[in-house]
Each structure stands twice: as C-alpha cells, then as structure tokens.
Amino acid sequence: MNALLERLVDDAGLFPPTALPPADAVRRHRADLAAGHPMHSHRLLVPVSRLAAVRAELRPGDRISVGLIADGAPADDPAARLRDAAAVIADDPRLTLALAEAPVRLFGTGAADAVRAVLDALRATDVPVFLEPATPAGVDDLLAALPRTGARVTGAKLRCGGVRADLFPDPGTTARFLTACARAGVPFKATAGLHRAVRHHDPATGFTHHGYLNLLLATATALDRPDPDAVRTDLETTQPGALADRIGALPDGRAVRALFVSYGSCSTATPVTEAATVLDPA
C-alpha cells in the first residue's frame, strides 16, 4: 500500500447521499474494522444529532473511534450540543473521541467567534478540531482565526461536493484553499464527492467530481511550490495513467498526509477498489 493512502478514508456512511440507517452504518463499520484495510482510518463520522441512535446499535464489546460532527441550526445552541455529545462519548467505554469537525456557518458568526465557541465547547478534550468555512473561498479568514500555539491540532475542512452543484468547488477555488493551508502550515480534512480516485463527470448526477488522488497530488504540489495555477493543473487532470505516474514518483508521502489528514467517504469500498484500479492495474 502506497504510504499516501494509509488511513486516508474516514467512514461517512451516515451522511448523504448514502445516508445509511444507524444499524446499517454500525454493521458496516464493524465489518470494516474486522477486515482492517490499511486505507481506512477506522474512524466513524457521527453527527451530534445521530449519536444516540448510533449508541443504541452498539454491542458491549464494540470499540469505535468517533469523528464527531457538529450539526443542527444556530438556534439550537450547537456549542452546548457539541460539548454534551463529547461528554457522552467520554463516558461510554465503547467509544473514543478521535477528532471533531464543525461548520463555521452553524454558529451564526464569523470565523473567529466560531473557532472560540468550538474550542471552548471541547475544552475538556485535546482531540484535533477541523472547522469548515462557509465556502472554500473563506479559508483565509478561517486560517487567520485558528490558534497557532498549544497542544491541540486545529485545522480546516474542505467540502468537495454534495447533493447540489454549488457544493462542488471549481479547481481554482480548491487550489487556492490547498495553497493557503500549505503556506500557513495548517492541516485540513476533506469531505463529500471524493469516492473515486480521478476527476470525472458523473452522468447520473450531472456533477463533475474531484478525485482523491488529484487532491493528494495537488497537496504535494502545494507543499513543494505553493502556486495556485500549478496546483489547479493537478486537480484538473483526468487521465488515470498520468496521475498514477505522478503519484508513484512522489518521494515521501508523510509531509503530504501531515497536511491532508483524511477525507470522509460515505462509501468505504469504492475508494479501495478505485486505488487498486488506478495504481495497481492488472
């Protein structure tokens, strides 16, 4: 397994478009844990609103690493709900809080206020926290608001797709996000629209999706030469062979993965089969 791919894929089966019922999501995650594929991070991404339903499906012997995702509406006091959910996980021996994610828009304020609210809600933990700007173009304000000192890892979150066309950032916007994170030395996670390895158009939805290999290669370029135009070229590549050759020529994946931590995929099988098809063709 290429080191770039190890522990790359978080299990986002509870999220659209797959949106598995909690029983099915836990069952699949349990099977993935047993299989132990090195491409899986073995973190289950759980929105705060569905934590109780997930816990109801657990067995006494389960041991699940959770990525906790703040959700709801600004009027629901999302910071308090996030704090309470983290406390529930801390008290449940079947669960371990591995990281937390939160959208800035949920807190109804600017990036600086959202960062303060999220970090205060999670002050009883030291897990990494990743905040998603309202749009990828808002990454500069977010990076300026993130603390650069302290033991806790704080980073950004890049939304690469969703159920609407406007949730798919174009290559230029994505390149500027990656370049900004590389220049600032701030890690990021990604989510949505990244099932497949290579950039492609999906005729079923009409959307053009980023590929996770494109994102890995673009991250390497951003670290080596933080030029948005060069990074955009990597994101626009649609030829699997050319992408595989470039990926194979990268000298060391550790720096890339230190910046690009992981991404959430509602399919845990497709990224694995895609990697085999593109990087290890028969």
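Coordinates for the structure precede this section.
A few points on the structure. Because the structure is predicted, anything quoted here is derived from the model rather than measured.

1. Some words on the overall build of the protein chain
In step 1: On a plain count of helices and strands, the protein chain comes out with 11 helices and 10 strands.
In step 2: If you line up the protein chain on its principal axes, its C-alpha atoms span 50 × 40 × 35 Å.
In step 3: The buried share of the protein chain, reckoned over its 282 residues, is 52%.
In step 4: Restricting to contacts in the protein chain with at least 6 residues of sequence separation, those with at least 24 account for 74%.
In step 5: Accessible surface, the protein chain as shown: approximately 12,200 Å² in total, 53% of it carbon and sulfur.
In step 6: A distance of 3 Å separates the average location of the 30 positive side-chain charges in the protein chain from that of its 32 negative side-chain charges.

2. A few points about empty space enclosed by the protein
Taking a probe equal in size to a water molecule and rolling it over the atoms shows the remaining empty space.
In step 1: Inspection of the entire model under this criterion finds 1 cavity of 30 Å³ or more.
In step 2: Of the voids in this model, the largest cavity is the one considered here, and its volume is about 40 Å³.
In step 3: Lining the largest cavity are V9, D11, H29, D32, H40, S41, H42, R43 and T268.
In step 4: Of all elements in the fold, only β1 (9–11), α1 (22–35) and β2 (40–47) reach the threshold of two or more residues within the lining of the largest cavity.
In step 5: With 4 residues, β2 is the largest single contributor of residues to the lining of the largest cavity.
In step 6: Within the lining of the largest cavity, the residues separate by chemical class into 1 nonpolar, 5 polar and 3 charged.

3. Quick word on the nonpolar core
In step 1: Core analysis: the biggest nonpolar cluster contains 79 residues, and L8, L68, L131, L178, Y212, L215 and L216 have the highest contact counts within it.
In step 2: Examining the composition of this core, we find that 8 residues originate from one element, helix α7 (residues 212–224), more than from any other.
In step 3: Ignoring anything within four residues of it in the chain, the contact list for Y212 reads L5, L8, M39, L194, H195, R196, A197, F260, Y263, P271, E274 and A275.

4. Describing helix α3 (residues 78–90)
In step 1: Between its first and last C-alpha atoms α3 spans 18 Å; for 13 residues at 1.5 Å apiece the expected length is 18 Å, and the two agree.
In step 2: Among the residues making up α3, those that are buried are P78, A79, A80, L82, A85, A86 and I89.
In step 3: Structurally, α3 contributes buried residues whose contacts are with α2 (51–55), β3 (64–69), β4 (95–103) and α4 (111–121).

5. What to know about the sheet that holds β1
Pairing between sheet strands relies on hydrogen bonds along the backbone, with the strands arranged either parallel or antiparallel.
In step 1: Strand order in the closed barrel made by the 8 strands is β1-β2-β3-β4-β5-β6-β7-β10, with parallel pairing throughout. Each adjacent strand pair in this sheet contributes to an overall mean axis angle of 30°, direction not counted.
In step 2: In terms of strand pairing, β3 meets β4 through 6 bridges, oriented parallel. Of the residues in β4, the one forming a bridge with S65 is T96.
In step 3: Those strands touched by α4 are β4, β5 (129–132) and β6 (154–159), and its axis lies near 150° from that of β5.

6. Looking at the layout of surface pockets
In step 1: Estimates place the volume of the largest pocket at around 1,100 Å³.
In step 2: As for the largest pocket, its lining consists of 46 residues, of which R159, G161, G162, L167 and A192 are closest to the centre.
In step 3: Looking at the lining of the largest pocket, the elements that each hand over two or more residues are β2, β4, β6, β8 (200–202), β9 (207–209) and β10 (260–265).
In step 4: Within the lining of the largest pocket, the residues separate by chemical class into 22 nonpolar, 13 polar and 11 charged.
In step 5: Contributing to the lining of the second largest pocket are 15 residues, with A220, T221, D224, L250 and P251 lying nearest its centre.
In step 6: Among the secondary structure elements, those contributing two or more residues to the lining of the second largest pocket are α7, α8 (228–236), α9 (240–249) and α10 (254–259).
In step 7: Considering each element in turn, the lining of the second largest pocket owes the most residues, 5 residues, to α7.

7. Describing the side chain of D234
In step 1: You can see D234 is positioned in helix α8.
In step 2: In contact with D234, not counting residues within four places along its chain, are N214, L217, A218, T221 and R246.

8. Section: the packing of aromatic side chains
In step 1: Here the structure, examined in full by the defined rule, presents 4 aromatic pairs.
In step 2: For the ring pair F188 and F260, a centre distance of 5.0 Å and an interplane angle of 10° mean the geometry is stacked. Taken together, the residues span a long stretch of sequence, with F188 in strand β7 (residues 188–191) and F260 in strand β10 at a distance of 72 residues.
In step 3: For F260, a relative accessible area of 0% translates into the label buried.
In step 4: Centre to centre, the rings of Y212 and Y263 are 5.6 Å apart; their planes meet at 25°, and the pair counts as stacked. Pair noted here: Y212 is in helix α7 and Y263 is in strand β10, with a separation of 51 residues, a long-range link.
In step 5: Owing to a relative accessible area of 0%, Y212 belongs among the buried residues under this scheme.
In step 6: Three or more aromatic residues joined by ring pairs form one cluster here, namely F177, F188 and F260.

Quick notes on the rules
Residues numbered from 1 in each chain as written. Predicted model: local features only at pLDDT ≥ 70, side-chain atom pairs only at ≥ 80, totals over all residues. Heavy atoms only, no water. Helix = DSSP H or I, 4+ residues; strand = E, 2+ residues; numbered from the N terminus. Buried < 20%, exposed > 50% of the residue type's maximum accessible area, 1.4 Å probe, protein only. Contact = heavy atoms within 4.5 Å. Areas by Shrake-Rupley, 256 points an atom, 1.4 Å probe, with all protein chains shown as cover. Lys, Arg positive; Asp, Glu negative; His and termini not counted. Charge placed at Lys NZ, Arg CZ, Asp CG, Glu CD. 1 Å grid on protein atoms, 1.4 Å probe; cavity = no way out; pocket = protein on both sides within 12 Å on 5 of 7 lines; lining within 4 Å. Points joined across faces, edges and corners; volume = space filled by probe spheres on them. Nonpolar A, V, L, I, M, F, W, Y, C, P; charged D, E, K, R; others polar. Core = buried A, V, L, I, M, F, W, Y, C linked by side-chain atoms within 4.5 Å. Expected span 1.5 Å × (residues − 1). Pairing = 2+ DSSP bridges. Axes fitted to C-alpha atoms, helices over the stretch in contact; angles between N-to-C directions. Phe/Tyr/Trp six-rings, centres within 6.5 Å; stacked < 30°, edge-to-face > 60°.

Remember that the coordinates give geometry; whether it matters functionally is a separate question.
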